[in-house]
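One-letter residues, chain by chain:
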Amino acid sequence: MYEFLTGPMLWVTFTVFILGCIYRVVWYFRGLDWKLDRVAYKADMGLGLKWAWKSIYHWLLPFGTFSWRRKPGMMSLFFIFHVGIVFVPLFLEAHTVIAREHLGINWPAMPAGLADALTVAMLAAGVMLILRRILLAEVRVLTTANDYLMLAIAMAPFITGILCRLHVPGYEGWLLAHLVSGHVMLLAIPFTKLSHMVLFFCSRAQLGMDFGIKRGGERGRGLVW
Amino acid sequence: MPEGKFCNKTPIQTEEALLSLLSDTRGTQYYEEMKSLEVNKEDLWNRIQKTCKSRMRTWLDICAHCGLCADSCFLYLVNDRDPEQVPSRKIQSMLRTMIEKKGDVTTEFMIECMNTAWSKCTCCSRCAQFCPHGIDMGQMNSYIRGLLFSQGFVPWEMKIGSGMHRVYRAQMDVTTEDWVETCEWMAEENEEEWPGLEIPVDKEGADIMYTCNAREPKHYPEDLAEAAILFHIAGENWTVPSEGWEQTSLTMFAGDWEGAKMQVDNVYAAIERLKPKRVIGTECGHAHRATVVEGPYWAGRASGKPPAPYIHYVQWVAEALRTGKLKIDPSKRIKELVTLQDSCNYVRNHGLAEITREIMSYMVEPGYFVEMTPCKEYNYCCGGGGGFNGIGRYRQQRNKALQTKRDQILATGAKLVISPCHNCWDAIRDLEEEYEIGIRWSFLKPLLIGMVEIPEHLQPKE
């Protein structure tokens, strides 16, 4: 089973994940319509791209926007959660070993201590995000079962991963659960709200272009939308 | 009853239909008929499939339900943080349901959507600045209004407003004759005090073509006279078109996109006919958004620009003060606390925040200008935007919404509010009427006329 999940299944999962994400991005940009969206994408491409980039960059920067500065608590949870979820899987030593052995790709690993710290922080932030959903009326009203499912899918590989790392009893079982939940997460990305992994960049780019091209960007104010 | 006499899916096309709808006082019968207006489910679903494309679908799909939009919305705040007023909630409850049900929705649902789309969102787009995913719920609400309009679920006043544009190409029944007469009348009325004052109609190749808001010729013709006087003092070579002078678009508030195109095509035709070097619009936010920001797209102009450079009145004023075409008499500068209302439609949605501050630097004695909190691009809607001011059915909700602006103004300590936007001006007038906080409010034009130096040769002869 282990061999299958770190071997042939890995190829299947990566293929679905990558092709799925490419499909979502291509579908997004092909579906933009200058008349319906009311944005002169083509006529002002230069200005548009400048503001698209600005919008993405500032939202990826802690305290980079008015909205982030106004909500430092939520901002911290957001960044801790996302830093963990993006960097730990990519640079964990155990993962780089699998990549080298099964996929033949070589890249550097992060120190184990750092990976542990990021994982624990990410999981703690995840728990806080769940509590936030339950406690704040304005978030509770928006929350559906699907939102909890997405958090569960995103957190499961990290919970099982840290249990393996701590060698809690039943290692074999946790390792298998870790592999399965990892596959589930990657497979879910193109088909669920987790597609924001790529669509965040698309949507931000569009709104950056929208405000940049027609809603004041040409006046060059230092604001980021 | 599939469709009513007044409440139906057909937009107003003729004067007769318009007068008939107007005769239904306050839309009593109209709203009664709406209760049994049938939804054309197939048409609704077809329309959604054709127009709800990747941008809207992605916005709906990836909304993380994080709630960061909640307190960006003044309607959420002013209504005691009612969770039903969270922007994302409002949009999801309308558009997501329509899509999930593939258009198979009930009349009651559509009426509920109408109430939400016109009384719980002014399309100010402030929430778009607070969403990490870049979801512009103002744009989405505007889109939903279009779907509702196509099915006849639109407030009575908005159906009338859109009909006015379709029949008269103006938000009120001001005909070409009425308009041209008003221009002549205003020029004559002020000729004595301002020798040589003219309101030239249909002059080709002028430096400026001026367009306005139909409320001006209809209810405050002195506003037109004031524009003429300031152009006169500044020595501008200007004109107004006999057709295509009306810059507002209640069709935009109503979600009547076909009507919006008719309206803006009319203005652009005037530009193409008179070939002015540039066009200047009056002190109005939604007129600017309709004709300058969104209009080019309704008219199908891929450049996203009107046929000639088209600026807002505040841009002309700032330029005239900067270049000395208008000079403020230093002794007449405002020497009392004064604040400025930033219109969503040309500030947040067209980046004109700094230019109004530049005007303040000329008009107000240093130390007397106080900003509202928040201000500029983050300012709150006046409380009456997006058509809210004009809809009787939602008067109570609108009056409640005015409290945000009331409290912002009170916090500045200023008794004078400068509001270079018709809609904001109306809302501030109404908030004073409703809450009596003892303030005055003004457009730029009358203040400027009282403050500018009059060149020797323009002064009335004794």
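Residues numbered from 1 in each chain as written. Chains lettered and ligands numbered in written order. Predicted model: local features only at pLDDT ≥ 70, side-chain atom pairs only at ≥ 80, totals over all residues. Heavy atoms only, no water.

- An unreviewed UniProt entry annotates chain B as Fe-S oxidoreductase originating from Desulfobaculum xiamenense.

- Looking up chain A in an unreviewed UniProt entry gives the name Nitrate reductase gamma subunit, with the organism given as Desulfobaculum xiamenense.

### As for the overall build of chain A
Piece 1. Within chain A, the secondary structure is distributed over twelve helices and zero strands.
Piece 2. With the principal axes as the frame, chain A shows a C-alpha extent of 60 × 40 × 35 Å.
Piece 3. Put simply, chain A has 225 residues, and 47% of those count as buried.
Piece 4. Sequence separation of at least 24 residues holds for 68% of the intrachain contacts in chain A that already meet a minimum separation of 6. (Helix = DSSP H or I, 4+ residues; strand = E, 2+ residues; numbered from the N terminus. Buried < 20%, exposed > 50% of the residue type's maximum accessible area, 1.4 Å probe, protein only. Contact = heavy atoms within 4.5 Å.)

### As for the sheet that holds strand E1 (residues 208–211) of chain B
Residue and element names in this part refer to chain B.
Piece 1. Taken together, the four strands give an open sheet; going across it, the order is E2-E1-E3-E4, and neighbouring strands pair in parallel fashion. Bordering the open sheet on either side are strand E2 (238–239) and strand E4 (310–311), each of which pairs with just one other strand.
Piece 2. Bridge count between strand E3 (residues 278–281) and E4: two bridges; the pairing is parallel. Paired with isoleucine 280 across the bridge in E4 is isoleucine 311.
Piece 3. In the packing of helix H16 (residues 313–323) onto the sheet, the strands contacted are E1, E3 and E4, and the crossing angle to E3 comes to about 110°. (Pairing = 2+ DSSP bridges. Axes fitted to C-alpha atoms, helices over the stretch in contact; angles between N-to-C directions.)

### As for the packing of helix H3 (residues 41–51) of chain B against helix H8 (residues 137–150) of chain B
All names here are of chain B.
Piece 1. One can describe the packing of H3 onto H8 by two numbers: an axis separation of 10 Å at closest approach and a directional angle of 150°. Classed by the angle they form, the pair H3 and H8 counts as roughly antiparallel. In this structure, H3 crosses over H8, and the sense of that crossing is right-handed. Together, Asp43, Leu44, Arg47, Ile48 and Thr51 of H3 and Tyr143, Leu147 and Ser150 of H8 make up the contact between the two elements.
Piece 2. For the contact of H3 with H8, the class distribution of residues is four nonpolar, two polar and two charged. (Parallel < 35°, antiparallel > 145°, perpendicular 65-115°, else oblique. Left-handed = near helix turned anticlockwise from the far one by under 90°. Nonpolar A, V, L, I, M, F, W, Y, C, P; charged D, E, K, R; others polar.)

### Thoughts on a negative patch on the surface
Residue and element names in this part refer to chain B.
Piece 1. On the surface, Glu177, Asp178, Glu181, Glu184, Glu188, Glu189, Glu191, Glu192, Glu193, Glu198 and Glu243 cluster together into a patch of negative charge.
Piece 2. Turning to its location among the elements, glutamate 189 is positioned in helix H10 (residues 176–191).
Piece 3. Classification of glutamate 189 as exposed rests on a relative accessible area of 52%. (Patch = residues over 30% accessible without salt bridge, like charges linked within 9 Å, V, L, I, M, F, W, Y side chains within 5 Å. Areas by Shrake-Rupley, 256 points an atom, 1.4 Å probe, with all protein chains shown as cover. Salt bridge = Lys/Arg side-chain N within 4 Å of Asp/Glu carboxyl O. Lys, Arg positive; Asp, Glu negative; His and termini not counted. Charge placed at Lys NZ, Arg CZ, Asp CG, Glu CD.)

### A closer look at the environment of phenylalanine 29 of chain A
Piece 1. Relative to the helices and strands, phenylalanine 29 of chain A is located in helix H2 (residues 8–30).
Piece 2. Sequence separation between phenylalanine 29 of chain A and glutamine 206 of chain A is 177 residues, and the spatial gap between their C-alpha atoms is 9.1 Å.

### Things to note about the interface of chain A and chain B
Piece 1. Contacts between the two partners involve 51 residues from chain A, matched on the other side by 58 residues from chain B.
Piece 2. For the pair chain A and chain B, the summed buried surface comes to about 4,800 Å²; carbon and sulfur atoms form 56% of the total.
Piece 3. Seen at the junction of chain A and chain B, the total is ten salt bridges.
Piece 4. Here aspartate 71 of chain B ties to arginine 70 of chain A by a salt bridge, and the two come within 3.2 Å at their closest N and O atoms.
Piece 5. Along the contact surface separating chain A from chain B lie 28 residue pairs in polar contact (both at pLDDT 80 or more).
Piece 6. Sorting the residues of the side of chain A that touches chain B by element identifies H2, helix H3 (34–38), helix H5 (66–70), helix H8 (112–135), helix H9 (137–140) and helix H12 (196–214) of chain A as the ones contributing at least two each.
Piece 7. Within the side of chain A that touches chain B, the residues separate by chemical class into 23 nonpolar, eight polar and 20 charged. (Buried area = accessible area lost by both parts, 1.4 Å probe. Polar contact = N/O pair within 3.5 Å; in protein donor to acceptor, adjacent residues only side chain to side chain.)

### A short note on the side chain of threonine 96 of chain A
Residue and element names in this part refer to chain A.
Piece 1. Of note, threonine 96 is situated in helix H7 (residues 93–103).
Piece 2. Residue class for threonine 96 comes out buried when judged on its relative accessible area of 3%.
Piece 3. A polar contact of 2.7 Å, which involves the side chain of threonine 96, links it to the backbone oxygen of glutamate 93.
Piece 4. Once residues within four sequence positions are removed from consideration, threonine 96 is found in contact with Leu90, Phe91, Ile105, Trp107, Pro108 and Ala109.

### Notes on the packing of aromatic side chains
Piece 1. Considering all chains together, one arrives at 24 aromatic pairs over all chains under this definition.
Piece 2. Between phenylalanine 200 of chain A and phenylalanine 201 of chain A, the aromatic rings sit 5.1 Å apart at their centres with planes inclined by 85°, giving edge-to-face as the arrangement.
Piece 3. Assessed through its relative accessible area of 7%, phenylalanine 200 of chain A is described here as buried.
Piece 4. Between the aromatic rings of tryptophan 425 of chain B and phenylalanine 443 of chain B, the centroid separation amounts to 5.2 Å while the plane-to-plane angle is 5°, which identifies the pairing as stacked. Placement of the pair is tryptophan 425 of chain B in helix H20 (residues 422–435) and phenylalanine 443 of chain B in the loop between strand E7 (440–442) and helix H21 (444–451), with a sequence separation of 18 residues.
Piece 5. Using a relative accessible area of 14% as the deciding quantity, one classes tryptophan 425 of chain B as buried.
Piece 6. Chaining the aromatic ring pairs together yields one cluster made of Tyr210, Phe231, Trp238, Tyr313 and Trp316 of chain B.
Piece 7. The side chain of lysine 54 of chain A reaches across the aromatic face of tryptophan 51 of chain A, ending 4.2 Å from its centre.
Piece 8. Note that lysine 445 of chain B overlies the ring of tyrosine 313 of chain B, its terminal NZ or CZ placed 4.7 Å from the centroid. (Phe/Tyr/Trp six-rings, centres within 6.5 Å; stacked < 30°, edge-to-face > 60°. Lys NZ or Arg CZ within 6 Å of the ring centre and 35° of its normal.)

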